[in-house]
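Fold and contact review
Residues per chain are reported as follows:
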Protein chains: 2
Amino acid sequence: MDKKMDILFTADSNYVKYISVVLKSLAVNDSNYNCCVHLIHDDLNAEQEENFRKMCSNYGYTGHTYRINDQLLQQAPVNKHYSSAMYYRLLAVEILPETLKKVIYLDPDLLIINPLHPLWEMPMEEYAFLAASHTEDHEVIDNLNRVRLNTDTPYYNTGVLVMDLEKARNLIQKQDIYAYIEKNENIMFLPDQDIFNALYGNVTKAIPDEIWNYDARKYPQYYVSSKGLFDEKWIIQNTAILHFCGKHKPWNSEQHSWFHYIYWHYMQLTERNEP
Amino acid sequence: MDKKMDILFTADSNYVKYISVVLKSLAVNDSNYNCCVHLIHDDLNAEQEENFRKMCSNYGYTGHTYRINDQLLQQAPVNKHYSSAMYYRLLAVEILPETLKKVIYLDPDLLIINPLHPLWEMPMEEYAFLAASHTEDHEVIDNLNRVRLNTDTPYYNTGVLVMDLEKARNLIQKQDIYAYIEKNENIMFLPDQDIFNALYGNVTKAIPDEIWNYDARKYPQYYVSSKGLFDEKWIIQNTAILHFCGKHKPWNSEQHSWFHYIYWHYMQLTERNEP
């Protein structure tokens, strides 16, 4: 395991158990890579932080935790619709050590089913970010988002985000973000994702969502739009990241698909492997 | 990995790739156990034997191959309906080294999805074998089999078989097997399984098939007979061995279930991990 990836999560203590499933699936599917796992949070106590690091080392990984202190977000607009946690993903550029040059941010509600490292090794070119869009170029919703946010780029899902930290450190300014929120509060549906798209969509390179951020709710749409190419076998052989977007998570939904059964299998592997 | 299991396969060279999937699934699901993997065969050449051992060591396992020589089965009845390969499972008692005291025989068309070691550690009591039946006690087919084979025990599926080799060495005599075949040739449907049931059913302890030998064709039957208990989540949390019995294998069928998708995922993991 001489190769290394840096992975970032931002989550509260309730989500650590799902991060564990992501890491187990990463360990099984990319067994030749070592990982440094960075967790930005605001509510884990010292024991929970220690447990997180133990859990990481259980997979052969190194865990680092970063507790947000109140000062960092002193001037941030926060209201009942969005908490300060929404800033962590973007402000990772300030929080993570300066020696870190690149990181893959992952939402906790996803599952790795093929190697992640080709994403890690993908050239960034002149871009600061790599991300996938869940809407096709000509879809109405994408155009609505472009009008709404005044962008001419696809509307990116920020659940999987490769960040070139060196470029992003120069780009991301807290004041820009705060100013954007104050001005656009009323038009934001998904605040953190909207901010990312509005402010940084133009320095983001699109990567294919069917590989790197497959929306597990949308099997029929993928199947039809690919003219039947993206069937179960294709997904199992090609998709690296299944993303359980939306309200119906594998761990709380009443309606389940085979994607959920695979998730449950990894949940079971994870629970058995916990120390 | 201080604990060890001995696993036995008997297969021809075409099936080695499926054994590899079984071993990958075993390695992922029972990662604290080391395994010695014994393969009894009659058609692998020296290079294929070496590849088999390499594949095993790829999972941290030790591979041993045993080529059957013609003399062992010189007097065995063989005809167009059954080949000499059908004897290997039972004659493992003669072929495997005498130092070996116990082995778990596994068919190559199955998948491990929970730890196997509780089966390895299950007390044998006075029995020589542990096996599961795919037919419930009062099913017509089980009674037919009992009449057909003149037994009063369940009809065992021999796809998963724990063998107490010390007891079995005293019990299994080639001449008994040959004599049984010559006498009963016309009533045998599945020769090796029929022989096992007729001659050794009474020294076999029944283990639950829903855990140790789940027939992946029969989801509705399991679900109904368990009054809804054996649903997808129960299977994922409890079943250790999925057995893809019958003609429609995950690798050749046109009709697929979610069991097949999980198999495909392990097939994909296996192919990626091959040296």
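Treat the numbers as computed from the prediction; the structure is a model and nothing was measured.

Describing the relation of the copies chain B and chain A
- With an axial shift of 0.0 Å and an RMSD of 0.0 Å, the rotation relating chain B to chain A amounts to 180°. Such a combination of turn and shift is consistent with a two-fold rotation axis. Residues of chain B ranked by C-alpha distance from the rotation axis are headed by Trp258(B), positioned 2.9 Å from it.
- In this assembly, 100% of the residues forming the interface of chain B have copies in chain A that are likewise at the interface, indicating an isologous arrangement.

Notes on the environment of Ile19(B)
All names here are of chain B.
- For Ile19, the location among the structural elements is in helix α1 (residues 16-29).
- For Ile19, a relative accessible area of 0% puts it in the buried group.
- The sequence separation of Ile19 and Phe9 amounts to ten residues, and the corresponding C-alpha distance is 7.7 Å.
- Discounting residues that sit within four places of it in the chain, Ile19 has contacts with Phe9, Ala11, Leu39, Phe52 and Pro108.

Quick notes on the pattern of salt bridges
- In the structure shown here, the tally under the stated rule is 22 salt bridges over all chains.
- Lys174(A) is paired through a salt bridge with Glu94(A); the nearest N and O atoms lie 3.7 Å apart. One end of the pair, Lys174(A), is in helix α7 (residues 174-184); the other, Glu94(A), is in helix α3 (residues 88-95), with 80 residues separating them in the sequence.
- Classification of Lys174(A) as buried rests on a relative accessible area of 17%.
- By relative accessible area, Glu94(A) is classed as partly exposed at 42%.
- Arg89(B) is the salt-bridge partner of Asp192(B), the closest N and O atoms lying 2.6 Å from each other. Of this pair, Asp192(B) sits in helix α8 (residues 191-200) while Arg89(B) sits in helix α3 (residues 88-95), placing them 103 residues apart in sequence.
- Relative accessible area serves as the criterion here: at 11%, Arg89(B) is assigned to the buried category.

Let's talk about α3(B)
- Among the eight residues in α3(B), seven count as buried, and that is most of the element.
- All of the buried residues in α3(B) are Tyr88(B), Arg89(B), Leu90(B), Leu91(B), Ala92(B), Val93(B) and Ile95(B).

Some details on the packing of α7(A) against helix α8 (residues 191-200) of chain A
Residues and elements named next belong to chain A.
- Contact geometry for α7 and α8: axes closest at 11 Å, N-to-C directions at 115°. Taken together, α7 and α8 sit at an angle that is classed as roughly perpendicular. In terms of crossing hand, the pair formed by α7 and α8 is right-handed. Residues Asp176, Ile177, Tyr180 and Ile181 of α7 form the contact with α8, whose own contacting residues are Ile195, Ala198, Leu199 and Tyr200.
- Looking at the contact of α7 with α8, its residues break down into seven nonpolar, no polar and one charged.

Some words on the packing of aromatic side chains
All names here are of chain B.
- One pass over the full model with this rule turns up 34 aromatic pairs over all chains.
- Ring centres of Tyr214 and Phe259 lie 5.4 Å apart, and the angle between their planes is 50°; this geometry places the pair in the tilted category. Taken as a pair, Tyr214 in strand β9 (residues 214-215) and Phe259 in helix α12 (residues 258-273) lie far apart in primary sequence, 45 residues in all.
- With relative accessibility at 2%, the residue Phe259 sits in the buried group.

Concerning the pairing of strand β3 (residues 62-67) of chain B
Residues and elements named next belong to chain B.
- Here six bridges tie strand β2 (residues 33-41) to β3, and the two strands are oriented parallel to one another. Note that in β3 the partner of His38 across the bridge is His64.
- In this fold, the crossover linking β2 to β3 by way of helix α2 (residues 46-58) has right-handed handedness.

Things to note about the confidence of the model for chain A
- In the predicted model, chain A carries a mean pLDDT of 89, and the fraction of residues at 70 or more is 92%.
- The ipTM, which scores confidence in the relative placement of chains, is 0.90 for this predicted complex, and the corresponding pTM is 0.91.

Rules behind the numbers
Residues numbered from 1 in each chain as written. Chains lettered and ligands numbered in written order. Predicted model: local features only at pLDDT ≥ 70, side-chain atom pairs only at ≥ 80, totals over all residues. Heavy atoms only, no water. Least-squares fit on C-alpha atoms with pLDDT ≥ 70 in both. Contact = heavy atoms within 4.5 Å. Helix = DSSP H or I, 4+ residues; strand = E, 2+ residues; numbered from the N terminus. Buried < 20%, exposed > 50% of the residue type's maximum accessible area, 1.4 Å probe, protein only. Salt bridge = Lys/Arg side-chain N within 4 Å of Asp/Glu carboxyl O. Axes fitted to C-alpha atoms, helices over the stretch in contact; angles between N-to-C directions. Parallel < 35°, antiparallel > 145°, perpendicular 65-115°, else oblique. Left-handed = near helix turned anticlockwise from the far one by under 90°. Nonpolar A, V, L, I, M, F, W, Y, C, P; charged D, E, K, R; others polar. Phe/Tyr/Trp six-rings, centres within 6.5 Å; stacked < 30°, edge-to-face > 60°. Pairing = 2+ DSSP bridges. Right-handed = clockwise from strand over helix to strand, strands pointing away. pLDDT = per-residue confidence, 0-100.

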